[in-house]
Amino acid sequence: MLVSRRSRVASLAACATILLATSACGDDKAKETSAQQVRLYGTDGNMLNTYPAELKERANLVDGMKGTTPLVPLPEDFKSRLRAVNPAVTDFVYSAETYDAVVVAVLAAQLAGTTDPAAIAKQIVAVTNDGQRCEDPASCLALARAGQDVEYRGVSLSRAGFTDKGEPATASYATLTFDGQQINDGKTEFVGAGIESAASTKTPPKPKKQRPGVNAGQKPLILGGLLPKTGDLAIAYPPMAAGAALAIREINAAGGALGKPVTWLDGDDGTSPTVAKATVAKHVTDGVSVIIGAGGSGISRAVLPDVVQAGKILFSPSNTDSSLTDVEDGGLYFRTAPPDSLQGRALADVILRDGSQKIVIVARKDSYGEGLQGTVRDELEKAGVAADRLKLLTYEPPADAKAPPVDFSGGAKEIKDFGADAVLIIGFGESAQVIRGLADSGVQIRQ
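As recorded in an unreviewed UniProt entry, the protein chain goes by the name Branched-chain amino acid ABC transporter substrate-binding protein, listed as coming from Micromonospora arborensis. Regarding the protein chain, the UniProt comment filed under Sequence similarities (unreviewed entry) reads as follows: "Belongs to the leucine-binding protein family."

*Asks:* Help me understand the overall build of the protein chain, please; the structure alone is not making it clear to me.
*Replies:* Looking only at helices and strands, the protein chain features twelve helices and 16 strands. Oriented by its inertia axes, the alpha-carbon framework of the protein chain measures out at about 120 × 40 × 40 Å. Across the 447 residues of the protein chain, 53% fall into the buried class. The contacts of the protein chain with a sequence gap of at least 6 include a subset with a gap of at least 24, amounting to 73%. Accessible surface computed for the protein chain: about 18,900 Å², of which carbon and sulfur atoms make up 53%. Of note, the protein chain has its 47 positive side-chain charges centred 2 Å away from the centre of its 52 negative side-chain charges.

*Asks:* Would you explain the UniProt feature "domain: Leucine-binding protein" (unreviewed entry) in the protein chain in this entry?
*Replies:* The UniProt record annotates "domain: Leucine-binding protein" (unreviewed entry) at residues 223-444. Across residues 223-444, helical content stands at 41% and strand content at 16%; the span's end C-alpha atoms are separated by 48 Å.

*Asks:* What should I look at first to understand the sheet that holds strand β11 (residues 313-316) in this one?
*Replies:* Picture the strands of a sheet paired through backbone hydrogen bonds; they go either parallel or antiparallel. An order of β9-β8-β10-β11-β12 is seen for the five strands of this open sheet, with the pairing classed as parallel. Whereas interior strands pair on both sides, the edge strands pair on one side only; in this sheet they are β9 (263-265) and β12 (333-335). Averaged over all pairs of adjacent strands, the angle between strand axes in this sheet comes to 25 degrees, irrespective of strand direction. Here three bridges tie strand β8 (residues 222-226) to β9, and the two strands are oriented parallel to one another.

*Asks:* Where do I start with the nonpolar core in this structure?
*Replies:* Note that soluble globular proteins tend to have their nonpolar side chains buried in a common cluster. Ranked by size, the top nonpolar core spans 109 residues in total, and within it Phe 315 and Ile 435 carry the most contacts. By residue number, the principal contributor to this core is helix α3 (residues 95-112), which donates twelve residues. What Ile 435 contacts, discounting residues up to four positions off in sequence, is Leu 40, Tyr 51, Leu 55, Leu 61, Val 62, Met 65, Ile 425 and Ile 445. Grouped together as the second largest cluster of nonpolar side chains are 15 residues, Ala 276, Val 303, Val 327 and Tyr 333 included.

*Asks:* What's the story with the pairing of strand β15 (residues 422-426) in this structure? I'm lost.
*Replies:* Both faces of the sheet carry side chains from a regular strand, because those side chains alternate between them. The buried count for β15 comes to five of five residues, which makes it a mostly enclosed element. Of the two faces of β15, the one carrying Ala 422, Leu 424 and Ile 426 and the one carrying Val 423 and Ile 425 are both buried. Direction of pairing for strand β1 (residues 37-42) relative to β15: parallel, over a ladder of three bridges. When the bridges of β15 are listed, Leu 40 appears paired with Val 423.

*Asks:* Would you mind showing me how to read the pairing of strand β14 (residues 390-395) here?
*Replies:* In this sheet, β14 lies alongside strand β13 (residues 359-364) in parallel orientation, the contact comprising six bridges. Looking at β14, one finds that Val 362 is bridged to Leu 393. Where the polypeptide runs from β13 across helix α10 (residues 367-382) and back to β14, its parallel neighbour, the crossover connection is right-handed.

Rules used in this analysis
Residues numbered from 1 in each chain as written. Predicted model: local features only at pLDDT ≥ 70, side-chain atom pairs only at ≥ 80, totals over all residues. Heavy atoms only, no water. UniProt positions renumbered as here; feature names shortened; annotations may be inferred. Helix = DSSP H or I, 4+ residues; strand = E, 2+ residues; numbered from the N terminus. Buried < 20%, exposed > 50% of the residue type's maximum accessible area, 1.4 Å probe, protein only. Contact = heavy atoms within 4.5 Å. Areas by Shrake-Rupley, 256 points an atom, 1.4 Å probe, with all protein chains shown as cover. Lys, Arg positive; Asp, Glu negative; His and termini not counted. Charge placed at Lys NZ, Arg CZ, Asp CG, Glu CD. Pairing = 2+ DSSP bridges. Axes fitted to C-alpha atoms, helices over the stretch in contact; angles between N-to-C directions. Core = buried A, V, L, I, M, F, W, Y, C linked by side-chain atoms within 4.5 Å. Right-handed = clockwise from strand over helix to strand, strands pointing away.

Take a look at the structure:
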């Protein structure tokens with residue numbers, strides 16, 4: 001009887017232990033299930049292989065992050081040529097657009113028969129439309145020297161040419177996905193946007209045929225860089241710089257422009273109006289005809305009045321702010337990057353395909369960030385997302401490299417209280433602080 005009683009007590013104790021353990025496990029699972037989870041999305045300013053380094057020891061937080069960027073399916077040959085310029089290149093964002101901006105500018109100068117920016121500007125749109133089709137600097141320059149109109153189809157300008165406003169009529173966007181701390185190329189998807197019929201049909205001035213000895217006394221064509229070597233957008237600099245260097249190398253290997261090698265003067269925009277204005281002033285003094293840049297839309301907007309006053313051309317490979325389409329530019333502003341009116345649709349589609357219910361759009365407070373933020377909101381609302389399921393937040397980007405990092409703790413709390421399950425982050429390298437803030441607030445980032 002005693003043995004039986006002890007056995008029963010032991011059995012009851014064991015059952016109690018199992019029940020307590022099971023209950024505790026159940027509580028843990030319930031807490032884990034109920035914990036707020038968000039899926040991260042990004043844009044061209046942060047969907048880069050170099051971006052996780054901005055999070056340092058917490059780089060794993062980007063695992064699973066998705067986003068879009070203007071990008072065409074790049075030929076392996078082009079990637080190999082870029083790596084020949086810079087073997088350390090790991091990203092290709094805006095490399096093709098930078099390459100094409102340089103090539104188009106040089107072809108326009110050859111057709112104009114001069115280094116005068118006003119004359120070059122009148123040929124830029126025409127270089128991409130209604131002429132003899134050519135796809136590389138050597139063949140295009142040969143046609144231009146012979147006084148033949150050309151229709152350049154390069155790496156990024158593959159479907160249609162420029163509109164009357166001096167920007168691409170069509171675009172290609174890539175949906176990128178971080179798999180671990182690297183973008184998984186195997187998961188990349190491409191989608192086209194824009195309308196080919198929007199390309200300009202205006203007749204340009206008649207091209208000037210190059211004649212031996214005629215340009216002997218003319219100074220060489222000088223292009224100046226205004227790219228983000230430093231600042232928040234510096235993570236995008238390597239592929240852009242490689243694209244420019246490759247174009248100059250191939251142009252000069254094909255004989256240059258106007259009978260002379262083309263000169264490239266490097267220059268930093270610093271992702272800062274102050275730095276960029278100083279670079280523009282130096283380029284003006286040095287006789288630059290075409291300035292390639294700036295990297296960020298807000299920087300181009302800040303320096304454009306200076307460029308126009310000096311009578312120079314500003315040709316950006318990466319500005320996407322839609323409002324720049326109608327900016328007062330005196331006919332001197334161009335871009336190979338498509339406006340965000342097209343990217344907004346692609347981003348909204350990516351977010352909606354995941355079935356997101358409550359969406360927060362966080363943007364750096366400048367024309368690029370707030371412009372794209374508004375476009376994505378409009379596209380989501382057109383798709384049926386109610387206004388009360390959307391929340392817009394902005395943050396002030398650091399004024400310069402010495403400024404303290406972005407403090408997003410307040411914004412993270414708002415996102416948590418809102419109950420978001422999707423957060424789109426529109427920014428550059430500094431936007432990593434938004435992800436840190438979310439994690440620190442207790443929001444679980446889905447992977």
